[in-house]
Amino acid sequence: MIESLLVANRGEIARRVIRTARRLGIRAVAVHSEADADLPFVTEADEAVCVGPANPAQSYRNVEAILDAARSTGAQAIHPGYGFLSENADFARTVEGAGLIWVGPGADAITAMGDKINARNLMAAAGVPVAPGTTEPAGDLDAAVAAAAEIGYPVMVKAAAGGGGMGMGVAADEAALRTEYDKVRAFAERMFGDGSVLIERYFPRVRHVEVQILGLADGRVVALGERECSVQRRNQKLVEESPSPAVSPELRERFLAAAVRAGEAVDYLNAGTVECLLDPSTQEFFFLEMNTRLQVEHPVTEYVYGVDLVEEQLRVASGLAPTFDPDALTTRGHAIELRINAEDPKRFLPGPGAITTWNEPSGAGVRVDSGYVAGNTVTPFYDSLLAKLIVSGATREEAVERARAAVAQFEIAGPKCNLPFFAELLENPEFLSGDYDTGIVARMR
């Protein structure tokens, strides 16, 4: 097993990885920006190194500073968490070139899945269902218009190099396409340094369902069930649950088999997620993208399958067998995750500030993965995620009931907070029925 680990991230995910590392007797090293010096993940690590100012480009995306921290602390491996450098193939290669262990998939797999068009084509060749769309970038507006006419409106206009719900627009007709194409292309060039755009069929009523995969050290790829991620704002997730209330046993088998094929197509190693769109009217699903890292929502899978996914990541990176029998995976109960963000509960706009009150809920089936405590300040430099509230129960109904109680108990004062939104959602008849889609938040607003 790896003996010392540098966590190249911050906040709740850094704290989460450090917790498992220390449980396993692995020395944990944190890197942090000047703005994050007082956060819990820094004090809970065995050693911490400041890698630069608040600007992520000068700290959490500063490859040389992170590698220098690894060398100076004698770290043996690097875990990238999610976001920042986690899906940067060049960083993965640099880490391994420096003689360190990369806790993640191979750089070639990251590269293959990082371009949405290339990923779509690879998945189609592997027999994974893909939505009707372009097989190469729409090089100009005329090409985009021609592609949309062939696919049929409405269409989704997407940045080929995008991710996390960013760089996407919907066009119901040619006039809208002309506007969205220029907007998405400009955004993609600014954010990703790549203006490539693809055109896909847009499904007005759709569910977002993803499958957790794990590429084992012996070369096998296994699937650890699905997660429902359809409660979203601005194409970004707010709630995840497992199992999905929309997925029947027969559909689950098809989902998991397709996800395994997706992983095998790129010789996938370590943790990853195959994201899909599900048309509830036809029960057809289509590949959306593969996230070549640990997901924010991994805790719901951990509960349902009884595994610690960070531990499994470390075991794979160490060349060890998993703690579970891949041929005898079983599930238990239901789990729901709520993303507690520093944002107002109506328009979901960021609201940083000093935390004056922070009281976490507790009790049976309640887990909180948090990045802050009272006295910390939520700055405007990073993602607005404060904590993840994970609840579990023997049934979905029990999990929902525990979620209601936990939301009522959770006290956060200082920055804006979206807890009131979750109190509303957990009483919403559409959500309670389980028959909801990605438009549920818009309908609530």
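The coordinates are above.
Bear in mind that the values here come from a model prediction, so they are computed numbers and not experimental data. (Residues numbered from 1 in each chain as written. Predicted model: local features only at pLDDT ≥ 70, side-chain atom pairs only at ≥ 80, totals over all residues. Heavy atoms only, no water.)

A.B. asks: Whenever I open this one, the pairing of strand β12 (residues 270-279) confuses me. Can you help?
C.D. replies: Across a regular strand the side chains alternate sides, sitting on one face of the sheet and then on the other. With respect to burial, β12 is a largely interior element, ten of its ten residues being buried. Pairing analysis gives nine bridges linking strand β9 (residues 207-215) to β12, with the strands arranged antiparallel. Paired with Val211 across the strands is Val274, a residue of β12. In the sheet, β12 pairs with strand β13 (residues 284-291) via seven bridges, with the strands oriented antiparallel. Looking across to β13, one finds that Val274 is bridged to Met290. Counted between consecutive antiparallel strands, the loop separating β12 from β13 contains four residues, among which Gln283 sits at a positive phi close to 65°. (Buried < 20%, exposed > 50% of the residue type's maximum accessible area, 1.4 Å probe, protein only. Helix = DSSP H or I, 4+ residues; strand = E, 2+ residues; numbered from the N terminus. Pairing = 2+ DSSP bridges.)

A.B. asks: Any chance you could explain the pattern of salt bridges here in plain terms?
C.D. replies: Any two side chains of opposite charge can pair, on the condition that their charged atoms come close. Under the counting rule described, the total for this entry stands at 43 salt bridges. In this structure, Glu174 and Arg178 form a salt bridge, with 2.9 Å as the shortest nitrogen-oxygen distance. Remark: Arg178 and Glu174 occur in helix α8 (residues 174-192); sequence separation between them is four residues, near one turn of the helix. When its relative accessible area of 36% is taken as the criterion, Glu174 is described as partly exposed. Residue Arg178 is classed as partly exposed on the basis of its relative accessible area of 34%. (Salt bridge = Lys/Arg side-chain N within 4 Å of Asp/Glu carboxyl O.)

A.B. asks: Explanation requested: the packing of aromatic side chains in the structure shown.
C.D. replies: Working definition: an aromatic ring pair is given by the centre-to-centre distance plus the angle between the planes. Throughout the structure, instances matching the rule amount to eleven aromatic pairs. Aromatic pair Tyr60 and Phe84: ring centres 5.1 Å apart, planes at 20°, arrangement stacked. Note that Tyr60 is positioned in the loop between β3 (47-52) and α3 (63-73) and Phe84 in the loop between β4 (77-79) and α4 (89-97), a separation of 24 residues in sequence. By relative accessible area, Tyr60 is classed as buried at 0%. By relative accessible area, Phe84 is classed as partly exposed at 22%. Ring geometry for Phe431 against Tyr436: centres 5.2 Å apart, planes inclined by 40°, an arrangement best described as tilted. Here Tyr436 falls in the buried class, since its relative accessible area comes to 1%. In textbook terms, an aromatic cluster arises when at least three aromatic residues are bridged by ring pairs, as seen for Tyr60, Phe84, Phe381 and Tyr382. (Phe/Tyr/Trp six-rings, centres within 6.5 Å; stacked < 30°, edge-to-face > 60°.)

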